[in-house]
Amino acid sequence: MADKQQQEEPQFCCSVCVDTPKDPVSLNCGHNYCRSCLEVFWDKQEVKRGKYSCPYCREVFSPRPVLRRNNMLAELVENLSIQQAPPPAAVARAVPSDVACDFCSEAEPNAATVSCLTCLASYCPTHLQSRHSVPVFKKHQLVSATVPLQERMCTKHNKLIDVYCRTDEQLVCSVCAVDEHKSHTTAPVSEQRADVEKHLLSRQKEIQKRVVQREEELEGLEEAEENLESCADTALEDCNKIFGDLIASMLRRHKEVKQLIADQEKTAAAHAQELRLRLREEVTQLRRRDAELERLLRADDHIHLIQVFQSLSTSCDSPDFSPGAAPLRGFKDVTASVSELRDKLETVLNDTWPKISTTISYVDFSLLPEPQSREDFLRYCCPLTLDVTTNYPYLNLVSKNLMMKPSPSPYAAHPDRFTKFAQVLCKEGLSERCYWEVEWYARTLSAAVAYKDISRASDESRLGNNDKSWSLECAANGYSFRHNNVETAVSGVSAYKIGVYLDYKAGTLCFYQVSEPMVLLHKVKTTFTQPLYPALGLNYEWYDAGVYAQLVKLW
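Residues numbered from 1 in each chain as written. Predicted model: local features only at pLDDT ≥ 70, side-chain atom pairs only at ≥ 80, totals over all residues. Heavy atoms only, no water.

- If you check an unreviewed UniProt entry, the protein appears there as E3 ubiquitin-protein ligase TRIM47-like from Sparus aurata.

1. A closer look at the overall build of the protein
Here is step 1 of the chain: Along the protein, the regular secondary structure elements total 9 helices and 23 strands.
Here is step 2 of the chain: Put simply, 55% of the contacts in the protein that link residues at least 6 apart link residues at least 24 apart. (Helix = DSSP H or I, 4+ residues; strand = E, 2+ residues; numbered from the N terminus. Contact = heavy atoms within 4.5 Å.)

2. A few points about helix α6 (residues 189-298)
Here is step 1 of the chain: Here α6 spans 155 Å end to end across 110 residues, near enough to the 164 Å set by a 1.5 Å rise per residue.
Here is step 2 of the chain: The set of residues buried in α6 consists of Q192, Q213, E217, L228, L275, E282 and L296. (Expected span 1.5 Å × (residues − 1). Buried < 20%, exposed > 50% of the residue type's maximum accessible area, 1.4 Å probe, protein only.)

3. Observations concerning the state of the cysteines
Here is step 1 of the chain: Tallied over the full model, the rule gives 1 disulfide.
Here is step 2 of the chain: Disulfide pairing is shown between C382 and C434; the S-S distance is 1.9 Å. Across the S-S bond of C382 and C434 the torsion is about -50°, and the bridge reads as left-handed. Of this pair, C382 sits in the loop between α9 (374-378) and β11 (395-398) while C434 sits in strand β14 (residues 433-441); the two residues are 52 residues apart in sequence, bridging distant segments of the chain.
Here is step 3 of the chain: With relative accessibility at 2%, the residue C434 sits in the buried group. (Disulfide = S-S within 2.5 Å.)

4. Here we look at unusual backbone geometry
Peptide bonds are mostly trans, and most non-glycine residues show a negative phi.
Here is step 1 of the chain: In this structure, the amide linkage connecting E516 to the following residue, P517, adopts the cis form with an omega of 5°.
Here is step 2 of the chain: Summarising the element assignment, P517 is placed in the loop between β20 (508-513) and β21 (519-525).
Here is step 3 of the chain: A positive phi angle, near 55°, is found at N484, a position not held by glycine.
Here is step 4 of the chain: Along the chain, the position of N484 falls in the loop between β17 (478-483) and β18 (486-490).

5. Quick look at the environment of D19
Here is step 1 of the chain: Relative to the elements of secondary structure, D19 occurs in the loop between α1 (2-8) and β1 (24-26).
Here is step 2 of the chain: Its relative accessible area of 30% is what places D19 among the partly exposed residues.
Here is step 3 of the chain: D19 sits 108 residues away from H127 along the chain, and the two C-alpha atoms are 9.0 Å apart.

6. Thoughts on the environment of Y451
Here is step 1 of the chain: The topology assignment puts Y451 in the loop between β15 (444-450) and β16 (469-475).
Here is step 2 of the chain: Along the primary structure Y451 and L425 are separated by 26 residues, whereas in three dimensions their C-alpha atoms are 9.4 Å apart.
Here is step 3 of the chain: In contact with Y451, not counting residues within four places along its chain, are D467, K468, W470, T527, F528, T529, Q530, P531, L532 and Y533.
Here is step 4 of the chain: One polar contact links the side chain of Y451 to the main-chain amide nitrogen of T529, over a distance of 3.1 Å. (Polar contact = N/O pair within 3.5 Å; in protein donor to acceptor, adjacent residues only side chain to side chain.)

7. Comments concerning the sheet that holds β16
Here is step 1 of the chain: Read from one edge of the open sheet, 6 strands run β13-β22-β15-β16-β17-β18, paired in antiparallel fashion. Where the open sheet ends on each side, the last strands, each with one partner, are β13 (423-425) and β18. For this sheet the average axis-to-axis angle between neighbouring strands, irrespective of direction, equals 20°.
Here is step 2 of the chain: Sheet analysis places β17 next to β18, joined by 5 bridges and oriented antiparallel. If you follow Y479 over to β18, its bridge partner there is V490. (Pairing = 2+ DSSP bridges. Axes fitted to C-alpha atoms, helices over the stretch in contact; angles between N-to-C directions.)

8. Re the sheet that holds strand β5 (residues 114-116)
Here is step 1 of the chain: One open sheet accounts for 3 strands, arranged β6-β5-β7; its pairing is antiparallel. Each edge of the sheet is formed by a strand with only one pairing partner; in this case those strands are β6 (121-123) and β7 (142-144). Across the sheet, the axes of successive neighbouring strands diverge by a mean angle of 30°, strand direction being ignored.
Here is step 2 of the chain: Looking at chain direction, β5 and β7 are connected through 3 bridges and run antiparallel. Note that in β7 the partner of V114 across the bridge is S144.

9. Quick word on a negative patch on the surface
Here is step 1 of the chain: Residues E215, E216, E219, E222, E223, E225, E226, E229, D233, E237 and D238 make up a contiguous surface patch of negative charge.
Here is step 2 of the chain: Along the chain, the position of E215 falls in helix α6.
Here is step 3 of the chain: According to the relative accessible area criterion, E215 is partly exposed, its value standing at 46%. (Patch = residues over 30% accessible without salt bridge, like charges linked within 9 Å, V, L, I, M, F, W, Y side chains within 5 Å. Areas by Shrake-Rupley, 256 points an atom, 1.4 Å probe, with all protein chains shown as cover. Salt bridge = Lys/Arg side-chain N within 4 Å of Asp/Glu carboxyl O. Lys, Arg positive; Asp, Glu negative; His and termini not counted. Charge placed at Lys NZ, Arg CZ, Asp CG, Glu CD.)

Okay, here's the thing in structure tokens:
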């Protein structure tokens, strides 16, 4: 009996809410519904299309039928004992941003989770669970209720949008496709979705690759930040030690000077004491002799006076002692010497401090990660031009001063012109991050940077032969790096396009073989104290054909 009841139950269900009909009504097509479910359904149809159809068989009625109660069905429903399903889980009420369920009769409907593109209705989880028991509904196409169904409808023909016009790049309905867009290229939305998915997948892969790259850069940034903190602490400790040593040395010298002054003062005081005693003794002796002479002058015995005078004349007096008329030597010369030391130290500090201050200010606190791909490097490209006042007289500048070639006609003399070697500086001095590329064809190329005051005429004026320039020497058989006339071998496959990356504040100069990925040839880590000027040099013979070097225009 229970099995029979379960088989018969669907025919007594409302086709809208798929539940036991409440206040059941019947249509002329024979299908039964809850009065409230059918009225809500038709109210929505009236707003959208102005037509009224059976939700189950889609038979159209016009005008809107007057609903009458099916008394027989109501009595059967009352007499049947249909076991009720457990109450569904709580469903969220719809907010203005949600799509509301079409079958919730409450003033505050539940939020719909799916929409049916076949019956053009939206369902909350409660009503969706009920309709799953009706086999015919299983063939309907359900989609997530992300936007209201009216936004999926063609406003002109009130039909579901199911075609994409590729000519006009817009979504249309099937009527529009054979009407306004008849001669256009169209495709079903499913086919267009596949094309969009391919594009999105490609974009997604690109974004995922970018995410990985940025995560690696973030790790590098965090590592650089830790290294910066560590380097700052080390530099501070080193400076504290150096200044501590200087202070200790000055204190030690101060103590030695104080000791020398004290010792000298003690020696001088002892000498003065000895001198004072001798002077007092001499004064005593002189006063004694003065008294004796006074007595002789008062004596009335002439013979005795003469005899005593003769003995005084021949007797030996005490050695004549005189400290001299000059005063004791003071310590003014010591003060003058120490003052001279102070002035010299101040001079050294004043001469050295700007370099120290400049070096500290050049420390890169931006912590920007170094570029990895050529695309990253190109973000730092900057306009460069070769300086026509510096090029070797027999190098002709062409292509808006981006290229240099050998020339039999010399340029006029200029104080900034290189006269010993075939090389040239750029006009632009660099003191930030910058990237440029060089193409060349010659026996060797010097891709370099140099200070503005590099020598122009001596043997040391060659790029890399002095402490004012850094040069990568490129040849058909490989590379070498030169600075301050010291040559370092560089491994790598010879290439005729070289990328140069400068991070001035970080003190980094890198040379790359331009490719994807970029191949690092050589890296310099130092402290730059003047703006750097990109430079090019060539080594060739007059009979060599096609010799040139040029800056690649990246900007």
